[in-house]
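# Observations on the three-dimensional arrangement
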Amino acid sequence: MKAIRRFTVRPVLPEPLTPLHELAHNLRWSWHPGTRDLFRSMDPARWAASDGDPVRFLGAVAPARLAELAADEAFLRSLGEATEDLRSYLEGDRWYQEQNGSLPAAVGYFSPEFGITAALPQYSGGLGILAGDHLKAASDLGVPLIGVGLLYRHGYFRQSLSRDGWQQEHYPVLDPHELPLTPLRESDGTDCRIALALPGGGRLLARVWQAQVGRVPLLLLDSDVEENGPGARDVTDRLYGGGSEHRLLQEMLLGIGGVRAVRAYCRLAGHPEPEVFHTNEGHAGFLGVERIQELAGRGLDFDSALEAVRAGTVFTTHTPVPAGIDRFDRELVARHFGPGAELPGIDVGRVLALGTETYAGGDPSLFNMAVMGLRLAQRANGVSTLHGRVSREMFSGLWPGFDPEEVPITSVTNGVHAPTWTAPEVLRLGSRDLDDYEAVVTGTPGRDIWELRRELRGRLVEEVRRRLAASWRQRGAGTAELGWIDGVLDPDVLTIGFARRVPSYKRLTLMLRDPDRLTRLLLDPERPVQIVVAGKAHPADDSGKRLVQELVRFTDDPRVRHRIVFLPDYGMAMARNLYPGCDIWLNNPLRPLEACGTSGMKAALNGCLNLSVLDGWWDEWFTPDFGWAIPTADGSGTDEERRDDLEAAALYDLVERRVVPRFYERGPDGLPDRWIEMVRRTLTQLGPKVLAGRMVREYVEKLYAPAAHAARALTPDAARELARWKSRVRAAWPGVAVDHVEAAGGTAELGASLVLRVRVALDELGPEDVEVQAVAGRVDSGDRIADATRVALKPSGGPDLDGRWSYEGPLSLDRTGPFGYTVRILPAHRLLASAAETGLVTVPSESASEAAGVLLR
């Protein structure tokens with residue numbers, strides 16, 4: 001018999017055990033071993049059966065056992081200590097509270113997914129895991145973040161395999177009452193509701209659920225409420241599911257509804273209002289439009305409100321390819337805004353203009369969420385140094401006339417949360433206090449490091465066999481067919497891990513390019529290799545599913561299936577065992593399409609060495625101490641097939657000639673001394689760089705604090721002033737020109753100096769509105785300036801009878817070789833965050849620049 005309705009009966013805890021509820025509902029337990037140990041001690045078997053989820057676990061513990069524990073003085077002492085430890089963590093000053101300067105009172109952090117723990121499955125991949133680690137690190141540092149997302153009733157899909165290796169998707173229904181969530185309630189006890197207007201007079205209602213991530217509240221909006229019709233009720237059904245309108249409604253609910261949820265939470269909880277709003281990818285970009293409407297309601301016009309909103313907004317882009325950006329038909333967006341729909345007080349045309357692709361090669365019929373995110377944020381960043389460079393190139397059309405390196409997109413390289421992703425045994429190898437971790441690990445005997453690596457590898461072997469047996473039973477195999485699984489993998493064999501989403505650019509099957517050579521590596525009688533692979537293809541991506549099937553069919557081959565395995569349903573629970581147990585973490589994307597690639601960081605925290613293409617974070621921090629770099633064949637003349645052949649061959653060569661010998665060679669004491677030294681350096685030198693705490697500190701210092709200062713400076717009057725000034729500058733800019741450039745000085749030799757004199761037309765503008773710059777440096781064969789030096793020239797006279805102004809200044813010849821200069825005019829205002837912010841620049845015409853070209857060849 002199947003139940004027609006399901007609900008959760010919550011346990012009634014004896015009064016001495018009531019603090020368990022607080023411990024279970026604060027997700028700090030997901031990265032705090034002491035709290036997990038406390039729950040495990042109550043009933044180890046039921047704890048394991050609950051997959052380490054305290055909320056499920058407490059519902060499963062027998063009342064008799066709870067009564068027994070309520071009378072157990074030793075347990076109650078441990079419970080009291082754990083509760084006091086949590087409260088001290090929540091209430092005490094941390095890094096943020098000890099900083100000098102006026103930091104933001106609060107920061108709103110919006111993301112479409114959050115990977116906090118497997119017990120709250122609201123993530124699909126790296127974006128969500130990064131967001132979860134951001135919240136955890138912010139909590140550890142005391143940064144006053146408020147997280148905002150959506151609660152998906154089906155989460156992301158669960159993956160299994162058919163008998164022939166085809167990916168199958170399953171969408172289990174999640175009951176919020178069974179999750180570590182509490183409803184946000186109004187002061188009268190009713191559920192807090194957020195409403196969005198729909199075209200035709202309808203409404204989209206959402207309930208707000210709260211997860212507590214250490215010190216950080218995470219608000220999740222849920223449209224599955226009875227007052228909604230079937231279509232509206234399903235808006236938050238699946239992560240990244242549905243068609244265009246479905247996705248648009250999700251993103252409106254996240255951005256617009258999310259701001260309204262933050263306002264409600266701050267009102268009800270007494271939390272400070274955010275001074276800075278951070279949108280993690282473009283999905284939440286509509287939050288800026290909602291904030292413009294808020295300010296319009298306080299008397300600001302659209303342009304002034306836009307300036308005020310931009311000042312306090314940070315936008316992070318995570319994709320290095322235009323195909324990874326959400327784009328909607330303009331007519332669809334127009335239908336959902338304006339009179340009779342959402343934000344009726346804002347002209348629909350102004351909303352559409354924010355996302356229009358006005359640059360060369362753009363499609364003006366589409367609404368681009370990343371373009372809107374950049375136009376609504378005064379500060380933006382990529383997620384690694386290389387990705388920042390790629391992003392400046394990709395979005396340079398929004399700043400025409402500027403070189404890509406001047407595009408105002410910086411970078412903050414991602415990091416990972418060590419307490420979440422590091423095996424407790426690895427932390428204990430040094431100390432639970434990461435401050436003295438390097439010194440302790442440096443002094444740890446090599447034999448202890450090697451024995452720990454073997455222990456973790458052995459644990460992975462057990463986990464793989466368990467998961468593989470479960471997978472084969474799902475595929476229809478009987479117990480009699482599965483005896484071979486007991487011989488899968490070996491705790492003494494070099495183990496390579498590869499686990500991630502399966503878009504084509506990550507090249508899941510590059511390792512299969514030469515199956516015979518791979519087979520020889522796997523089956524080498526003296527120095528074998530074993531590989532553990534996991535990954536999910538998007539449900540709509542049949543090409544990705546074919547890659548999964550191709551790999552699964554290879555791993556099913558009886559000749560090699562004891563040396564290479566594919567584990568379905570990759571997620572946080574699997575990953576936490578996979579990273580520590582691998583010796584090598586493999587990553588072979590198409591460069592530069594991996595924005596960051598944090599899985600290799602998590603592996604490194606556990607002493608796993610990286611074997612990766614120089615992309616994302618590995619391009620930034622690779623040294624031979626930490627692993628190996630796979631050479632790339634990314635020249636413009638190399639076709640895709642040839643490129644994959646070359647890079648696969650390079651991968652095989654590295655494994656065969658460098659990695660395998662290093663792992664298996666033994667020193668006088670019988671240990672692989674050189675391998676152990678690489679593990680030691682990875683833990684002590686690379687480990688501190690990849691931490692999420694370092695990342696969040698950089699966000700605070702480089703982005704949040706400047707954004708808060710800018711937002712405070714943009715009072716209503718200042719916002720009006722800046723908006724009027726930008727309008728005046730844009731109107732006058734067609735009349736701004738460089739009329740004449742001349743240089744005076746001696747011989748063009750190193751150390752000499754020239755005097756530049758420039759005559760400019762400023763139309764209705766004055767010198768206070770602009771900066772005239774000399775831009776100089778080495779030039780290439782096309783006279784393009786590289787490694788430019790920019791020098792502001794000073795006004796020296798004017799306006800003359802023609803209304804022209806004169807500027808002059810020295811130009812130092814500080815390098816030898818081909819050298820050149822030009823001049824340009826930029827808008828200048830004290831409230832601009834960068835010279836490129838307005839997207840306006842004027843350079844000399846050909847006639848004016850005849851004397852401003854190459855000086856020395």
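Nothing here was measured: the structure is a model prediction, and the numbers come from that model.

It is worth spelling out the overall build of the protein chain at this point. A tally of regular secondary structure across the protein chain gives 28 helices and 28 strands. Taking 29 Å as the expected radius of gyration for a compact globule of 857 residues, we find that the protein chain reaches 30 Å, a close match to that expectation. Oriented by its inertia axes, the alpha-carbon framework of the protein chain measures out at about 95 × 70 × 50 Å. Residues classed as buried in the protein chain amount to 57% of the 857 residues present. Long-range contacts, defined here as pairs at least 24 residues apart, represent 73% of the contacts in the protein chain between residues at least 6 apart.

Helix 28 (residues 716–732) packs onto helix 11 (residues 302–311) with a crossing angle of 110° between their chain directions and a minimal axis gap of 8 Å. As judged from the angle between their axes, helix 11 and helix 28 are roughly perpendicular. As helix 11 packs across helix 28, the resulting crossing turns out to be right-handed. From helix 11, D303, S304, E307, A308 and R310 reach across to helix 28, where they touch A719, R720, L722, A723 and K726. Among the residues forming the contact of helix 11 with helix 28, the class breakdown is four nonpolar, one polar and five charged.

Moving on, we come to the environment of T316. Residue position: T316 is located in strand 10 (residues 313–316). Overall, T316 belongs to the buried group, its relative accessible area being 0%. Along the sequence, T316 and G282 sit 34 residues apart, while their C-alpha atoms lie 7.9 Å from each other. Separated by 2.7 Å, the side chains of T316 and H278 make a polar contact.

The next thing to look at is the pairing of strand 24 (residues 785–792). The pairing of strand 23 (residues 770–779) with strand 24 spans six bridges and is classified as antiparallel. Bridging across to strand 24, A774 finds its partner in V791. In textbook terms, the turn of a hairpin is the stretch between consecutive antiparallel strands, and for strand 23 and strand 24 this stretch comprises five residues, one of which, D783, has a positive phi near 65°.

So, about the packing of aromatic side chains. Ring pairs (aromatic) are described by centroid distance and by the angle formed between their planes. Counted by the stated rule, this structure contains 21 aromatic pairs. A cation sits over an aromatic face here: R28 above Y89, 4.4 Å from the ring centre. Positioned over the ring face of F157 is K536, at 5.0 Å from the centre of the ring.

Glancing now at the sheet that holds strand 22 (residues 753–761). Ordered in space as 21-22-26-25, the four strands form an open sheet in which the pairing is antiparallel. Of all the strands in the sheet, just strand 21 (737–745) and strand 25 (794–797) have a single pairing partner and so form its edges. Looking at each pair of strands side by side, their axes are set apart by 30° on average, direction ignored. The pairing of strand 21 with strand 22 spans eight bridges and is antiparallel. Opposite V738, over in strand 22, you have V760 as the bridge partner.

Ordered by their spatial adjacency, six strands build an open sheet running 17-16-15-18-19-20, and the pairing between neighbours is parallel. Edge strands, defined here as strands with exactly one partner in the open sheet, are strand 17 (564–567) and strand 20 (627–630). Each strand of the sheet is rotated relative to its neighbour by a mean of 20°, with strand direction disregarded. The pairing of strand 19 (residues 609–613) with strand 20 spans four bridges and is parallel. Of the residues in strand 20, the one forming a bridge with L611 is W628.

Attention now moves to the nonpolar core. Core analysis: the biggest nonpolar cluster contains 97 residues, and F286, V289, F337, L762, Y807 and I825 have the highest contact counts within it. The element best represented in this core is helix 9 (residues 244–269), accounting for 12 residues. By size, the runner-up hydrophobic cluster in this structure holds 55 residues, among which are L161, V502, M511 and F554.

Let us look at the pattern of salt bridges. Under the counting rule described, the total for this entry stands at 67 salt bridges. Residues R759 and D802 are paired through a salt bridge, measuring 3.2 Å at the closest nitrogen-oxygen approach. Here the residue R759 occupies a position in strand 22, and D802 occupies one in the loop between strand 25 and strand 26 (804–812), the gap between them amounting to 43 residues. Relative accessible area serves as the criterion here: at 51%, D802 is assigned to the exposed category. Connected through shared salt-bridge partners, R185, D191, R193, R207 and E227 make up one network.

Most of strand 27 (residues 819–827) is tucked away, with eight of its nine residues classed as buried. Note that strand 23 and strand 27 share nine bridges and pair antiparallel. Looking at the pairing, A774 lines up with V823 of strand 27.

So, about unusual backbone geometry. R591 connects to P592 through a cis peptide bond whose omega is 5°. For P592, the location among the structural elements is in the loop between strand 18 (584–587) and helix 23 (599–605). Following G798, the chain continues to P799 via a peptide bond in cis, the omega torsion being 0°. Relative to the helices and strands, P799 resides in the loop between strand 25 and strand 26.

Summarising the element assignment, H134 is placed in helix 7 (residues 126–141). You can call H134 buried: its relative accessible area is 1%. Within the structure, the side chain of H134 is placed 3.0 Å from the side chain of Y704, a separation counted as a polar contact.

Another aspect to go through is helix 28. Its 17 residues place the ends of helix 28 24 Å apart at the C-alpha level, agreeing with the 24 Å of an ideal helix rising 1.5 Å per residue. Residues A718, A719, L722, A723, W725, K726, V729 and A732 constitute the buried set of helix 28. Of the surrounding secondary structure, the elements contacted by the buried residues of helix 28 are helix 11, helix 27 (692–713) and strand 27.

One way to put it is that helix 7 packs onto helix 27 with a least axis distance of 8 Å and a crossing angle of 80°. The angle between helix 7 and helix 27 falls in the class roughly perpendicular. Residue-level contacts link L130, D133, H134, A137, A138 and L141 of helix 7 to A692, G693, M695, V696, R697, Y699 and Y704 of helix 27. Residue composition of the contact of helix 7 with helix 27, grouped by class: nine nonpolar, two polar and two charged.

Moving on, we come to the state of the cysteines. Here, the word disulfide means a covalent bond between the sulfur atoms of two cysteines. Summed over the entire model, instances satisfying the criterion amount to zero disulfides. No disulfide involves C192; its nearest neighbouring cysteine sulfur is the one of C266, lying 11 Å away.

Conventions used here
- Residues numbered from 1 in each chain as written.
- Predicted model: local features only at pLDDT ≥ 70, side-chain atom pairs only at ≥ 80, totals over all residues.
- Heavy atoms only, no water.
- Helix = DSSP H or I, 4+ residues; strand = E, 2+ residues; numbered from the N terminus.
- Rg over C-alpha atoms; globule rule 2.2 N^0.38 Å.
- Buried < 20%, exposed > 50% of the residue type's maximum accessible area, 1.4 Å probe, protein only.
- Contact = heavy atoms within 4.5 Å.
- Axes fitted to C-alpha atoms, helices over the stretch in contact; angles between N-to-C directions.
- Parallel < 35°, antiparallel > 145°, perpendicular 65-115°, else oblique.
- Left-handed = near helix turned anticlockwise from the far one by under 90°.
- Nonpolar A, V, L, I, M, F, W, Y, C, P; charged D, E, K, R; others polar.
- Polar contact = N/O pair within 3.5 Å; in protein donor to acceptor, adjacent residues only side chain to side chain.
- Pairing = 2+ DSSP bridges.
- Phe/Tyr/Trp six-rings, centres within 6.5 Å; stacked < 30°, edge-to-face > 60°.
- Lys NZ or Arg CZ within 6 Å of the ring centre and 35° of its normal.
- Core = buried A, V, L, I, M, F, W, Y, C linked by side-chain atoms within 4.5 Å.
- Salt bridge = Lys/Arg side-chain N within 4 Å of Asp/Glu carboxyl O.
- Expected span 1.5 Å × (residues − 1).
- Disulfide = S-S within 2.5 Å.

None of the figures reported here should be taken as evidence of function without further support.
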